[in-house]
Each structure stands twice: as structure tokens, then as C-alpha cells.
Amino acid sequence: MIQAILVFNNHGKPRLVRFYQRFPEEIQQQIVRETFHLVLKRDDNICNFLEGGSLIGGSDYKLIYRHYATLYFVFCVDSSESELGILDLIQVHLEVVFFIAPKVHYILQEVVMGGMVLETNMNEIVAQIEAQNRLEKSEGGLSAAPARAVSAVKNINLPEIPRNINIGDLNIKVPNLSQFV
Amino acid sequence: MALKMVKGSIDRMFDKNLQDLVRGIRNHKEDEAKYISQCIDEIKQELKQDNIAVKANAVCKLTYLQMLGYDISWAAFNIIEVMSASKFTFKRIGYLAASQSFHEGTDVIMLTTNQIRKDLSSPSQYDTGVALTGLSCFVTPDLARDLANDIMTLMSHTKPYIRKKAVLIMYKVFLKYPESLRPAFPRLKEKLEDPDPGVQSAAVNVICELARRNPKNYLSLAPLFFKLMTSSTNNWVLIKIIKLFGALTPLEPRLGKKLIEPLTNLIHSTSAMSLLYECVNTVIAVLISLSSGMPNHSASIQLCVQKLRILIEDSDQNLKYLGLLAMSKILKTHPKSVQSHKDLILQCLDDKDESIRLRALDLLYGMVSKKNLMEIVKKLMTHVDKAEGTTYRDELLTKIIDICSQSNYQYITNFEWYISILVELTRLEGTRHGHLIAAQMLDVAIRVKAIRKFAVSQMSALLDSAHLLASSTQRNGICEVLYAAAWICGEFSEHLQEPHHTLEAMLRPRVTTLPGHIQAVYVQNVVKLYASILQQKEQAGEAEGAQAVTQLMVDRLPQFVQSADLEVQERASCILQLVKHIQKLQAKDVPVAEEVSALFAGELNPVAPKAQKKVPVPEGLDLDAWINEPLSDSESEDERPRAVFHEEEQRRPKHRPSEADEEELARRREARKQEQANNPFYIKSSPSPQKRYQDTPGVEHIPVVQIDLSVPLKVPGLPMSDQYVKLEEERRHRQKLEKDKRRKKRKEKEKKGKRRHSSLPTESDEDIAPAQQVDIVTEEMPENALPSDEDDKDPNDPYRALDIDLDKPLADSEKLPIQKHRNTETSKSPEKDVPMVEKKSKKPKKKEKKHKEKERDKEKKKEKEKKAEDLDFWLSTTPPPAPAPAPAPVPSTGELSVNTVTTPKDECEDAKTEAQGEEDDAEGQDQDKKSPKPKKKKHRKEKEERTKGKKKSKKQPPGSEEAAGEPVQNGAPEEEQLPPESSYSLLAENSYVKMTCDIRGSLQEDSQVTVAIVLENRSSSILKGMELSVLDSLNARMARPQGSSVHDGVPVPFQLPPGVSNEAQYVFTIQSIVMAQKLKGTLSFIAKNDEGATHEKLDFRLHFSCSSYLITTPCYSDAFAKLLESGDLSMSSIKVDGIRMSFQNLLAKICFHHHFSVVERVDSCASMYSRSIQGHHVCLLVKKGENSVSVDGKCSDSTLLSNLLEEMKATLAKC
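Residues numbered from 1 in each chain as written. Chains lettered and ligands numbered in written order. Predicted model: local features only at pLDDT ≥ 70, side-chain atom pairs only at ≥ 80, totals over all residues. Heavy atoms only, no water.

Attention now moves to the overall build of chain B. On a plain count of helices and strands, chain B comes out with 48 helices and 15 strands. Within chain B, residue pairs in contact and separated by at least 24 positions form 71% of the contacts whose partners lie at least 6 positions apart. (Helix = DSSP H or I, 4+ residues; strand = E, 2+ residues; numbered from the N terminus. Contact = heavy atoms within 4.5 Å.)

What follows deals with the overall build of chain A. Regarding its fold elements, chain A presents 5 helices and 7 strands. Counting across all 181 residues of chain A, residues that qualify as buried make up 52%. The contacts in chain A between residues at least 6 apart in sequence include a share of 48% that link residues at least 24 apart. Of the roughly 8900 Å² that chain A leaves accessible, carbon and sulfur atoms contribute 54%. (Buried < 20%, exposed > 50% of the residue type's maximum accessible area, 1.4 Å probe, protein only. Areas by Shrake-Rupley, 256 points an atom, 1.4 Å probe, with all protein chains shown as cover.)

Let's shift gears to the environment of A131 of chain B. Residues and elements named next belong to chain B. Looking at where A131 falls in the secondary structure, it is placed in helix α8 (residues 125-138). For the pair A131 and M83, spaced 48 residues apart in sequence, the C-alpha separation works out to 8.9 Å. Setting aside anything within four residues of it in sequence, one finds A131 in contact with Y95, D119 and L120.

Right, let's talk about the packing of aromatic side chains for a bit. Inspection of the entire model under this criterion finds 15 aromatic pairs over all chains. When the ring of Y68 of chain A is compared with that of F73 of chain A, the centres are 5.5 Å apart and the planes differ by 80 degrees; the resulting orientation is edge-to-face. One exposure class covers both Y68 of chain A and F73 of chain A, and it is buried. Taken together through their ring pairs, the aromatic side chains of Y409, F415, W417 and Y418 of chain B make up a single cluster. The ring centre of W74 of chain B lies 4.8 Å from the NZ or CZ of K44 of chain B, which sits over that ring. (Phe/Tyr/Trp six-rings, centres within 6.5 Å; stacked < 30°, edge-to-face > 60°. Lys NZ or Arg CZ within 6 Å of the ring centre and 35° of its normal.)

Let's shift gears to the environment of V1191 of chain B. In this fold, V1191 of chain B is placed in strand β15 (residues 1189-1195). The exposure class of V1191 of chain B is buried, given its relative accessible area of 0%.

With that settled, the discussion passes to unusual backbone geometry. Residues and elements named next belong to chain B. Although it is not a glycine, D589 adopts a positive phi angle of roughly 65 degrees. With respect to the helices, strands and loops of the structure, D589 is situated in the loop between α33 (566-587) and α34 (593-598). Phi is positive for H1155, which is not a glycine, with a value near 65 degrees. Secondary-structure assignment places H1155 in the loop between α47 (1143-1154) and β12 (1157-1162).

Relative to the helices and strands, T158 of chain B is located in the loop between α9 (141-154) and α10 (160-176). T158 of chain B sits 33 residues away from Q125 of chain B along the chain, and the two C-alpha atoms are 9.9 Å apart.

The next subject is the packing of helix α31 (residues 543-556) of chain B against α33 of chain B. Residue and element names in this part refer to chain B. In contact at an axis separation of 10 Å, α31 and α33 are set at 150 degrees when each is read in the N-to-C sense. Relative to α33, the element α31 lies roughly antiparallel. Where α31 crosses over α33, the handedness of that crossing is left-handed. Contacts between α31 and α33 involve A546, Q547, T550, Q551, M553 and V554 from the first element and L576, V579, K580, Q583, Q586 and A587 from the second. In terms of residue class, the contact of α31 with α33 is made up of 6 nonpolar, 5 polar and 1 charged. (Axes fitted to C-alpha atoms, helices over the stretch in contact; angles between N-to-C directions. Parallel < 35°, antiparallel > 145°, perpendicular 65-115°, else oblique. Left-handed = near helix turned anticlockwise from the far one by under 90°. Nonpolar A, V, L, I, M, F, W, Y, C, P; charged D, E, K, R; others polar.)

All names here are of chain B. With 6 of its 8 residues buried, helix α5 (residues 76-83) lies for the most part within the structure. Here α5 has its buried residues at A76, N78, I79, I80, V82 and M83. Lining the buried residues of α5 we find α3 (32-48), α4 (52-67), α6 (88-101), α7 (112-120) and α8.

What follows concerns the sheet that holds strand β6 (residues 1050-1051) of chain B. Residues and elements named next belong to chain B. Overall, antiparallel pairing links the 4 strands, which are arranged β6-β4-β8-β9 in an open sheet. The two strands at the open ends of the sheet, each matched to only one other strand, are β6 and β9 (1092-1104). Here 7 bridges tie strand β4 (residues 1022-1030) to strand β8 (residues 1077-1089), and the two strands are oriented antiparallel to one another. Within the sheet, the bridge partner assigned to L1023 lies in β8 and is A1087. (Pairing = 2+ DSSP bridges.)

Another point: the pattern of salt bridges. With the rule as written, the count across this model stands at 33 salt bridges over all chains. Here D78 of chain A makes a salt bridge to R213 of chain B, at a shortest N to O gap of 3.6 Å. Here R213 of chain B lies in helix α12 (residues 197-213) and D78 of chain A lies in the loop between β5 (71-77) and α2 (83-93), a pairing that spans two chains. The exposure class assigned to D78 of chain A is buried, which follows from its relative accessible area of 2%. Since its relative accessible area comes to 25%, R213 of chain B is described here as partly exposed. (Salt bridge = Lys/Arg side-chain N within 4 Å of Asp/Glu carboxyl O.)

This brings us to the sheet that holds strand β4 (residues 62-68) of chain A. Sheet strands pair via backbone hydrogen bonds, and the direction of the pair is either parallel or antiparallel. Residue and element names in this part refer to chain A. Read from one edge to the other, the open sheet built from 5 strands follows the order β2-β1-β5-β4-β3, with strand pairing classed as antiparallel. The open sheet terminates on both sides in strands that have one partner only, identified here as β2 (14-19) and β3 (49-51). Neighbouring strand axes in the sheet, compared pairwise and without regard to direction, differ in orientation by 15 degrees on average. Inspection of the sheet shows β4 paired to β5 by 7 bridges, in the antiparallel sense. By the bridge assignment for β5, R66 is matched with F73.

This part takes up a nonpolar patch on the surface. Residues and elements named next belong to chain B. A contiguous nonpolar patch, built from V617, L621 and L623 and spanning about 270 Å² of accessible area, is present on the exposed surface. Assignment of secondary structure puts L623 in the loop between α34 and α35 (639-655). By relative accessible area, which is 61% here, L623 ends up exposed. (Patch = residues over 30% accessible without salt bridge, like charges linked within 9 Å, V, L, I, M, F, W, Y side chains within 5 Å.)

On to α47 of chain B. Residues and elements named next belong to chain B. Here α47 is 12 residues long and its end C-alpha atoms lie 16 Å apart, about the 16 Å a rise of 1.5 Å per residue gives. Among the 12 residues of α47, 11 are classified as buried, and the element is accordingly described as predominantly covered. Along α47, the residues classified as buried are F1143, Q1144, N1145, L1146, L1147, A1148, K1149, I1150, C1151, F1152 and H1154. Against β10 (1110-1111), β12, β13 (1165-1172), β14 (1177-1184), β15 and α48 (1198-1213) lie the buried residues of α47. Taken from the residues just after α47, H1155 is the one with a positive phi, measuring 65 degrees. (Expected span 1.5 Å × (residues − 1).)

The next thing to look at is the side chain of E46 of chain B. All names here are of chain B. For E46, the position within the fold is in helix α3. Taking relative accessible area as the criterion, E46 reaches 4% and is therefore assigned buried. Among residues more than four places away in sequence, those in contact with E46 are D15, K16, V54, K55, N57, A58 and K61.

What follows deals with the confidence of the model for chain A. Residue and element names in this part refer to chain A. For chain A, the average pLDDT comes to 71, and 67% of its residues sit at 70 or higher. Across chain A, helix α1 (residues 25-40) holds the top mean pLDDT of 88, while helix α5 (residues 144-156) sits lowest at 42. In the predicted structure, residues 144-181 sits below a pLDDT of 50 and forms 31 contacts with residues beyond four places in sequence or in another chain. (pLDDT = per-residue confidence, 0-100.)

Now for the side chain of S493 of chain B. Residue and element names in this part refer to chain B. Structurally, the position occupied by S493 is in the loop between α28 (480-491) and α29 (499-506). Here G490 takes part through its backbone oxygen, which lies 3.2 Å from a polar atom of the side chain of S493. Ignoring any residue separated from it by four or fewer positions in sequence, one finds S493 in contact with K528, L529 and S532. (Polar contact = N/O pair within 3.5 Å; in protein donor to acceptor, adjacent residues only side chain to side chain.)

Residue and element names in this part refer to chain B. Contact geometry for α8 and α10: axes closest at 10 Å, N-to-C directions at 15 degrees. Of the possible angle classes, the one that applies to α8 and α10 is roughly parallel. Note that α8 runs across α10; the crossing there is left-handed. On the side of α8, the interface is formed by Q125, Y126, T128, G129, L132, T133, L135 and S136, while α10 contributes Y161, I162, K165, A166, I169 and K172.

Dropping the structure here:
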């Protein structure tokens, strides 16, 4: 089982945090920090395995990580996973440019589910993600409307917009606004 | 209204989206927390809006903040709102947030049940997928119970995308709701053979994960996994399976034997390092499980070690690390093969990577022998000096101690050397392991009597240099060794050269800076020293000297009396008073030495750590029984104490061991010795000191051993262990010379006599006699100590709940709970034909129930036996030498019968080989219990067992067997054995290749059949680039990869080296199944040999018979009767004459070739049932006359029935 997948940058700022076992948020942050300090100490030319993360699991668990340019990818796995297999998984399947968490989460969801490797066929993963992206696009996306509005506002180049436009007296409840969006 | 909308979109215009949030956080580096709390306030506002898009955006931002460590549990309800949005975009955000933040403690989680169920049955596969993914992260026991059935249904979904997710999530469901494991397991097992590789891999994943925790329950799946292992090409799946086998082999060594060969092949053939590594690992596990009694595997060990050496030598640090890791496993059982790579491992000690150095250290632990211990430790000592970083140095230190002390100092030949090493280690500054060194010093000094004199001299030197240790680094752990030094000098003061000097050293003012517990030991041992000095002086008649010592004590002890440490203070006060008293006596010239020494008379012996636990409970003593009956409440309070006291007085004498029983004890001891002598399993230690000690109680009898004085006792100053290495070498050399001399002498003496051992002067471990004949005083154990193994199974282990026997057939009560109130009935097609098994199992009428239960119990037992027997069979069959027998006929859900390297020709012709029968048997065993399978296998067994075998061969659904059980059992005469058959029929052949094929209905999809084509290379060329092109008809078409046209050939996914065969599977979609039909096809391939390559072609015709559209489906007699009564079926019949075959075999043939199952059988009449892939019911009534058979059929489609009967006629005509 994969216990956790952590991605953070060279300064230890989390880029993706995915635990497959429940930890409270503070503990999660602590784990990320400790893991970061563990891997930071290590040269790039030494092996990619670390034993016994003190916080997760016990001696059965290993940290397997890779370091790319500015990002560390860390998998915390137990002995049922193959060490080299996980390294391959990181290299072959997750070597994508990471920007913002949710998208990556969606990709990750197609590779690892609930701590178990779901799919290793690259084409299949890409196909499913593309299909979902198409679906999202066809629905107009999350921020289609405001994005358009924002760009419009940007274009008219208003120097300062008051943050709160209070039209508070117009408090008519519209039951289902979503149909208009 | 319009205004409201305007307001909404203006508001939204200024909402931050996620990018804005991220950017904002970056721009507020100084006051990040403040900025985020401001953002959270905004998000709270947004969540109050009715617009779902706004909410989704807010939740999306929250998910990001959660990652940064902010608690978002307060938004749980909003997350659920977003989860229930109709748009996929929003839904996905909701589920993501839920999967990141929900857990068992989230109270609103119960509200999601219906929403999730709705999403699971959504027509969009992505809605379902996203729900499954989310659920996998936050499934709770309640959700698992409520949704298990829905998920189980999804396991047979038409889309592989959903299937694989559903399969994977089942593991989480099992964990949370273990009751679901048994009902769901048959389906899960089915998925091991799913046509989609992703689904297959998911199923393997789940079963491996389950099996890892409770391997014994999954042992019966071994043959199935074995087959998958030999057929799969997916490395992920292979790795998982191979890892699983690694967990199974310890339970079943025979499995290991079977595995060695294919694993070795994989090791040779694979190019994937990850796979290679896992293979090696599993081979090691196999070898460990076989370690006794399998002499012929040295080749495998060599192969593993050799491959590991390659890994270790690799420049890739990861491979190096793993190589060392695996090597350490081999070490445990085959130390010799690893020891030859000592050079390599010592080299790794110099590696720049600490993890690798640590691994190498682990290995060294097992590599030492008497011969190389000194050398290895010397090497380690140089590393200790070089090591930067205290953690690694401490690790080295513990390893040195571990290595030396392992198995009772087995490898130490010279304890003086070891003491010197320990003393050298005390020079390490800042180590945390001072107490370890101290413990070793104490242990050695106490247990190795011969070394005490030397140890004492070294310890007194340490005490003398105590200022070094104590002053500069006062608080560091190394001062712990002084604890040991002081104790040893005190306890064994008789060995001290200059006790007075040591006494002074121990009474120095500096000592008071040591930690309290060490000072306490100092104080106590000062007295011991004092006592022995007194005695010396008095014996020598130096009264003044004795008084001087007393004066010294009186002068110095007060410094300890002032100590802040209570223990030190108390001891010092006591002793000071004592010494003052002695002083008075001395003043009167009274000899006191005798009495003072008496304070410390006697010897301390080490006691084994578990000694207390192992004291056997004397016979007749019940520790759980009340000593006093609990007092009844009526008794008054004041009476109690008296009663207890009274009782106690009465009882005590009983339990006190009677000293007078000395004789009795001796007698018993004698008897026990006798018994041990006669017991072959009692490990007799060569006259162990302990035993002798038992013989004659009393400390004087512990053997004290003479030191061989070939090594000088005193090494001036602090010892240098290196000197010992040299000395040791010289000593060994001398020993060898002497031995050789002796040998020569002997040789001369007995020139004619044959020598037993070859006289090559190799220095084996045994040859090196230890410098000291060191007797290690074994730790004391109570008499009759019980050999006990502590069973420490953690009762809280979550996986314990999954320790469930899966081989037992399902009971009626074992069903997944089905929700009564469904809000949406959108469940799709796959559901309707699946839980046949469960539906049916509900049917039996109540009236019969009791009877049936009894039967079932019997049945269960039989099945169980059978299972075990089958596995035994599979395991005992050593892989057949040349042509492996054919894949067993599998018309149903059962299994993917793929045997690489099969030769179908042989299988058809010499059908009667015993081996094949066995193989059939083996393959049959992984069949789902409920799905009947015609089986033809007879095996070599005693006659009485044959009847049992018969029962098996006539395999029927449990229900039908119950009904028909009696008559069959009674009436069945001994019948001739039915030759094994194959459902694979010849398709086409030429000089290059032979094609055989089998067509099976697919359970997952309506109107689909799977065509399994076995290709056998009969030429001496390699066949590659094989392509299959089939001309589709209107009614039947081949499923091709996306994007390829109808005219393209479909590639065969493998190549065939000469003499090898393999199976490829193709799916065909059939529109109408009522008629048989034929498809033309061509196999094109390139045959390549040394002379060159040629393009070849082979035409074939695929014959889809109506029988191939049938799927063996069990049916209960009452359901069968209902079906017949319903009147929806049309009828037709045939009659065939000239049949000689027994009825039993006849039925088997119909079952086998036409995929029917027997519903009920009475004498020479049987009803049979089957179902087509499109859901037609087919019922048969088969009656046997003198020389004829008549078959009446009923079917929901008349054309299908008549075609089927025609085919059956053809089959029967051959009988």
C-alpha cells in the first residue's frame, strides 16, 4: 500500500499532499516538514530510499523519493510495494510539470487510488484525463464566467475597483441560480 | 430577478479563483497567516451564496488551504453540497475536497450515502469514477456496509474504467466491513481473469494486499496465480504476484519447489530491474523456506548471489542499496555463499552514501566467523576513527558490539582482545552508547571467568584515567563505562594488582562530578575493595597499613555523604558509620577483616532475562483460583482483615518449598536427566556448565577454566587491540604448525589406515581453537524451564478481521446488505445477470431446509477435503518435463487456461496420461465453487479413493447435488474412466504453425464471445509479426483496437520461438446467436531462421457453434421446475441410437461440449440447464434407454433450440 504521496519544492513548500490514511492537518504538516528535512540532507547522487519514516508507520515503511529540479516527489510505501517499481512510477508516470494542486490531484487519481496503484498504462491514463478535461470544458469549466468578466474588467483598465459593492438590499432569494450560469 | 443576476455576476467578478489565491499567498510572504485568514473569511462568504459555481470555487480554494495545513472540517457540509452538483466539474471538486478532509470522525459523512449511491449508478462513467475515487479515501464502516452491494455490482460494469476502480475499492470496503469479504470474493477472483489488463491488475493488487496479511487463506489460489505468472506480460502484475508468492512460500514449501524454475527463467530473461529484483527476493524466500533438506538448490543460490553482486556493483546507488538489502536475507540461511563476497561488502563500507554503509554493516553482522572476526572489527575500528557525524559512528559502535557479542560470543576466540576493543571504544567522545559498552564489560567479566584478571587490570586503568573521561565531557554518555569499571574492580578485587592505588583512584574528589547512579556504585565498591585490602593487610600482619586504609576511608567518604543524590548519600552514610566502627575495633586490635569480607561473600551469577517467566507452575497450583474465596457482601467490614490473615497463616507452609526434600529433588533431577538422555529431540549441550551446576548445587562448582598462557596476560598501558590481531595470527600459525606436526605423526603411524578427512591444511572455523578455553557461564534458568514462544499477535491489528476462510462455501446468510429504499433505480444492465449465485442460493424452500443444511454440512466437509487434496495435487505435480498437458477445458467463468509452452497435439492424442489427469485436477480446483464445471480427471489413487474421485468428476451445483445426491450415490456402479478431453479444436495447421481454438461466451458483456487461439510453432524458425485478419460478417464482428479499420489485421501479442506455443484471445461481438456460423480468417506471419525470413500465411475458418454461445450456469431444481411450468418455452426433441457410453459419462460430455449443468439426476434420467450469452434459458431432459438416448429440449428461442439439438446429436453420435 502507498501510505502517502508528498510533493514539495526545494524550500519545503507543499505542492501536493495526498495521504491515504487519516492524519490531522497539523500532523500532516509535521510529516511534510520532517520528510523535507530528511530528503534535503541527501545528495542527489545517493540512493533514493529512506527507511522508517518516524511519523508514518514503522519499520515496514520506506520513503522512496526523487528530486527533479525544484521538486521532491516522495512516496511513503510499505513492504508490499516494489521499491524499483515505485521509482519507475514516479519517473515514468508523474514526471509531469506540476503547477497547481487540483489538476495534479485529478491526474494522480487516475494513477493511484486509495493507496493502491490503479493504472500504469500511460496511454490509458492520458486518455481518461483528456476525456475528463473535455467534459469539463463542455460544461464551461469552473471559472469560465468570472474569468471572462475579469478579463473584460482588465481590458477597460479600471485603476481601482471598490472591493465591496454592496447591493445588500437586493436580497431576493433565487432558488436555483446555477441554471443561469 | 435580472438585477439579482447582475449582482451575482458582479460579485463573482471579484471572487478570487485558485490561481489568484496562490498568487496572493506568494505576494504576502511576510504576513501569510493574516492574508490566509482574510481569504478564509471571503471563502466563508462565498459558501453562503446559492450559486453552486461560487461554492465550488470556494471549496476548490479550501482544498488548497488544507494542503497548507489549515483545518477545513468546518466546511464539510458545503463540500457535500458541491459533491452533489450535477456538473462533473463541480462534483469532482467536491469529491476531491472530501477525499482530502473527510474521515471517520466527520459527522456529516452519513449524509453522503445516497449521493454516492446515485453517483455510482450514474450513466456517466466519470461521475461513477470520481465517486469511487473519492470514496476510496473516506470510506467508513457504515458507508462500506451500505454501499458494498452497489460497488460489487460495478465490478461487472461494462466499462473497464469503472470495473478496475470498483475492484480496487473493494479492498477498502473489506477493511472497513470484513463481512463483505466472503460474499464478494468469488467475483473478485473472477476479475483475475478479466479481459482488460487494468482490471486484472487491480484484482491482483487487491488479492495480493489481502493475502499479504493473512497468507494462509489464499494458499488455494496459488495455482491460479501461478498460471497468471507464467502468462502475464505486465511487469506490475508480475511483481505483485511474485511478491505474493514470497509471502506464501513459507507456508507451503512445495509451492517453492514449483516456483524455482519459472522464477529462474524470469531472472534470466527479464530486462526490467524491478522485476529481476523481486524475482531474486522471492527465490530467496523460497530457498529460506526450503533451507532444510533441499540440497540441489545451490545453483539457485549462486544465481541469486551472482545477480545481486551485479546490482551491488552497479553505479546506481538504488540498485546497490537493494542488492545489499536482499543479500542480507540470503545471509540468514546461506551465510557461506555471501561470505565469498566479503570484499565487495567491505568496499561498500567506504561508500559515500550512509544508507548503503548501514546496509553493508548489517551484512557484516552475519559474515563474521571465528577466522575473520578480528580482521573485520579492525576494519570497523578504522571507520570509527574516520567517521564524521555521530549517528553513523554510534551505529558503527553498536554494530561492533553486536557482531562480537552475537550468539553468546560465539566467534570470539580471544576475550582479552575483546576487552581491549571495548576499552578502545571508550575513547570515543560524545557517543550515546556508553551504557552499551559498560553492559558488555560487565557481561564479559561476569560470564567469562578466565578473563576476570585481565578485565580487572584494564578496568583499574580506566578508573585511574577517570579524570580524562569525567572532566572534559562530563555529561557525555561514555562515563557510563566507569559504572562497569568500578563494579568489576570491586567485585573481583582479589585480582587487583594494586588495590590500594585503585581505592585511591575511586575516592578522588573528581568522582563526585559523576552522575549519581555511578557514584552509588563507586561507594558500594569502595567498600568491597576496602574489605579485600583489609584482609590482605591483616593476613600480612600489617596492622598499621590496615589502619591507614581505614583512615583514608574515613577521610574521603564524607564527600559522598554530602551528595545531592539520595542513593549515594544513604549508602555513604551507612558505610561511613561502618568504617568508623571498624576503626574503633582496629584501635583495640581486634581482627575485623574476616567479618568485613563476610559482608560480600558469595558470588553473583547472571540470571537469564526470561528466567522468572519460565518458572513452571507446580502441579496442582492454579494461579487463577482464588486464594481466598471472595467474601460475601454480608460479612462485616471489620471481620475481613482477620479472616485474610488467618487464611494466609494456614496456607503459607503449603507453598514453601521444603528444604528437607533435598533427596527427593536429587531423585527427580536424576530421572529428568535420564529422560533427556533418551529423548532424541532434547538438545544436549556438551557438558554445559549449567548442567554441572545443577548436579552439584553451589557456586564453587562452576568450572573455572585455565587460561592458555600462549598470550601474554599483561599488555602494558592501555591495550591496543591491534597487537592482539598480530598475536592471534602468530598463535594460530603456531597452532597450525603443531597440528600439522601431529598430523604428520599420525600419518606416519597409520599409513595404511584411511583418513576420514582430507588433510588439506584449510583453516576452517573449527580448526581455530580459541586462545582461552573459555567457558561461558550460561545464564541461570529455573529448573524445568518451559520452552515457551511468546505469541505476540497484536489484537488491535486491523487486518486480523480479514483473517477469513475463503474456501468454505457461502452460507445463505452471507449476503451483502441490499438497501431497501433506493431513491433512483438507474442500475444498469450488468446488474441483472450477476448475482445469479446469490439469488439462487436464496431459493431453497423452507421445508427442505433442514435436510439441506445437513447435506450442506457434509458437502462442506467434502469440499474442504477436496480443496486441500487439489492443492496437494497441484503442488505434488512437478512441472512435466517436456510437453505440458493441455489447458483444461473451461466453458465458464472459471479460468483463463493459458499454459505457455503447451502442445495441443499431444494433449489430444495421448490423452490418458496420468499427468494430465492430475493437471486437470489442479486446474479445476481454482474454479469457483458455485460454477460447475465438467471435469474429467481420474487419478492414480487407491480404489477406495476412486469413488471419492468419481463424486468429484460428476461435479454439479451444490443444490442439484443435494436433490440428486441419494440415488446417484447409491446407484452409481463402478464406471470406466472417462478420458480427459480438450475443448480446443483444431483450426488449421501447416508445417510452420498449428492453430487450435476454443470459443467461450463472455460473462461480462452481452453478445460477446471470447475466442482463445493457441498457436504452436512446429518449425525451427522463430515466428514473429503474426497478424490475424478475420472477415467480419453482418452478424459477427471482431473487436479491434480503436481506430483500426475492418480490413486491418489484429496483431498477435507475442512471438513464438521454435517448439513453443502460446495463447491469444480475441473478442467477437455476435448479433444473433440462434444460428451457428463460420468466419473466414487468415494468419500471416514472418518465419525467421538462420537462413532468412519468409512471409507465410495460413487460412482458417472459425466455427461459432450455438453451443459456444452457452454459458454453464447452475440452476436449482425448484427454479428449474418453475421455468418449465412458465410455458414460455418452445419444445423440440431428438433421439440417438447405438450409444454404449455410460450415462454418467454421457452427461459429462454434454456438460463439457455444450456447456450445460446437471440440475437433477435420477437413475438414467437427468435434467440439465444452460443459459445463452443473450439470456435464453435452455432446459434439457435426457433419458437413456437400452442403447439409445433421447433428449427433450425447451428453450425461449426455437431456432436456437433446434440448432443446439442438432449439434448435440452430432456429439452423441460419436459416443
